[in-house]
Amino acid sequence: MSNLKNYSRRRFLAQSGLGLIAFAGMPGFLRAMEGMQAMPKLTPNKANPNFKPDVEFDLFCRPGAVSILPGQQTQVQQYAALLKKGPKETLIDIPGSYLGPLIHLQKGQKVRINLHNKLTEPTVAHWHGMHVPANMDGHPMYAIDPGASLVYEFEVLNRAGMNIYHPHPHEATAKQVYHGLAGALFVHDEEEAKLELPGGEFEIPIVIQDRLFDEHNQLIYVRNMHDRMTGFYGDHILVNGRPNFQIDVASRAYRLRVLNGSNARIYKLGWDDGTPITVIGVDGGLLEQPEVRPYVMLAPGERLDVWADFSGRNEGSQLVMRSLPFSGVLPKMAERMGGMMHANSLPVGSDYPIFTARVTKKVSDSPKLPSQLSKINRYQISDTANPDKPVPIGISEGPMAMLLNSRPYAYNDVQDFERIKVNTIQLMEIFHAHGGGGGHGKESAPATGEHGAEKQSGGMGHQGGGMGMMGMMGMGHQGGGMGMMGGMKHGSDDPKGGGSGMGMMMSMAHPIHLHGQQFQIVSRSISADKEADYATVRDGFIESGLKDVVLVMPGEKVRIIKPFQDFKGLFMYHCHNLEHEDMGMMRDFLVE
Ligand SMILES: [Cu+2]
């Protein structure tokens, strides 16, 4: 409380009725109060002379300017790459885009990537979806200063799939991704090659992002705490960095490699003429068999492999991929507060176009959709090391912050339940534990917990995230504090644990991402009071493939099985709503 300016600003916000959301920026402050450790600064990894790469390239992070909207160019940050060794198809630029080049790797390749920071701030690259050693995973502790370089060396162990590379520096991931630092990384293998799926010009990356521009075509980013609490939303949909994206297609089958590269926006993808979507893969690669759905949900960080067959369509016809209407992903409170802040002309869950496919050529031949795509090695709950005691991933939603397991991110703050034995398969449960940064232990337990996680996460409330923290900050003595406490108490007094409580008011959908190997989704369950909203999204979740992001809706509980093989060290788990991540909605598993 030494910062008088912050104090008066907070008091002002509290008195003006904005206090509840203004506290969203607190985790950094909480961390300071608790004396948690600062992120260490490590010496950047150098090339290992004994590592013989099959592929090597330089990857530059640098400022740039690109034409996105008509008129003035937009200042961005972007990845650029230079191949030093390996097949020339390894790197494919997307012309005119701020996105980094498409990286194509083969399973089994040894890869060296030299990351060069040409920005004016620290950065580090993370290979989202890739199973690599902890010190190659782009943990924030490996961030490098401007002018510095960092060498990554790893063998490609993943099966074929679409992955993402993006920055992961401490509390600056969202801003850097938003300004353009992101790209797609494809792994290919024999299982995929045998299928002879549409390739070359018939395989099209579709990276969906939303951005907000000022009158000079420059990117606008977070303006207030409300933008952080809900995540940041633009009002222009870009595909591969372009507005009003169109593809010209022949009347045959295409393979669309779709990635939601948005910071926070969730899409409900569907074709405008009601044609169902045929999905052949998700985050962790090909499904075993195609799935046909009326629509598919795609949250930040999630990928979709779509079989889009334009056979039989006439030259001149077009098909539009839209985001269809849905509800329930934003906090009810934010919906109300939203009206007082900056109204977005493209509300989440409204109906709007993503891109258009125009049939410009009639052909008679098309590849056929294989009925069997791949074989997935599946685990049973009995294969897990903890069938009766799932590792808890509690989504802690409070007026102060969005957190995981009631604790803001801090380096070297690994709790007992976050220690994982290497080469084990773990059962994990993601659930909403209401009462975020200031949450009380009682509500930290899962609403319907009948398992070990209840005890573990309940205990956490007492260790750090609970009332003690509120007392420590002296909230109760300051204007808005009491009101907030009152609201939270009210919530815990409610026998159903929700509806009128503050946690419930802040409850929203979170795309939860776990670093390292992909997981299976075992089960999802939704609380009865959320059924109506859930009905607008439920048919859009694909559970038959391997995932590394799962969208957890308000009132939803998701059980997953995740292997932790081969590598020891710190592996992050976090919300892939990137504003939430930077707010501290991130933790580490220590694999040992
Ligand atoms: Cu989140």
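Note that the structure is predicted; figures quoted are calculated from it, not measured.

Asks: Provide a residue-level description of the confidence of the model for the protein, including the pertinent values.
Replies: Looking at the protein, the pLDDT average stands at 85 and 80% of residues meet or exceed 70. Of the regions scoring below 50 in pLDDT, residues 1-26 engages in 45 contacts with residues more than four places distant in sequence or in other chains. Low pLDDT, under 50, characterises residues 435-500; the predicted model gives this stretch 125 contacts beyond four residues in sequence or across chains.

Asks: Requested: an account of the sheet that holds strand β4 (residues 102-106), with residues and values cited.
Replies: With mixed pairing, the five strands of this open sheet are ordered in space as β3-β4-β9-β8-β6. Looking at strand neighbours, the two that pair on one side only are β3 (91-92) and β6 (125-128), the edges of this open sheet. Inspection of the sheet shows strand β8 (residues 161-167) paired to strand β9 (residues 183-188) by five bridges, in the antiparallel sense. Residue I164 lies in a different strand from β9, and its bridge partner there is A184.

Asks: I'd like a description of the coordination of the copper ion, backed by residues and values.
Replies: All of the protein donors around the copper ion are H510 (ND1), C575 (SG) and H580 (ND1); their distances to the metal are 2.0 Å. Along the chain, the residues donating to the copper ion are arranged with the sequence spacing H-x64-C-x4-H.

Asks: Hey, could you go over the sheet that holds strand β20 (residues 318-323) for me, with residue numbers and the actual values?
Replies: Taken in spatial order, the five strands line up as β13-β21-β20-β15-β18 in an open sheet, and their pairing is mixed. With partners counted over all chains shown, the strands left at the sheet margins are β13 (246-250) and β18 (296-298), one partner each. On average, each strand axis in the sheet is tilted by 25° relative to the strand beside it, whichever way the strands run. Where strand β15 (residues 267-271) and β18 come together, three bridges link them in antiparallel fashion. Note that in β18 the partner of Y267 across the bridge is L298.

What counts and what doesn't
Residues numbered from 1 in each chain as written. Predicted model: local features only at pLDDT ≥ 70, side-chain atom pairs only at ≥ 80, totals over all residues. Heavy atoms only, no water. pLDDT = per-residue confidence, 0-100. Contact = heavy atoms within 4.5 Å. Pairing = 2+ DSSP bridges. Helix = DSSP H or I, 4+ residues; strand = E, 2+ residues; numbered from the N terminus. Donors = N, O, S within 2.8 Å, 3.2 Å for Na, K, Ca; no water. Axes fitted to C-alpha atoms, helices over the stretch in contact; angles between N-to-C directions.

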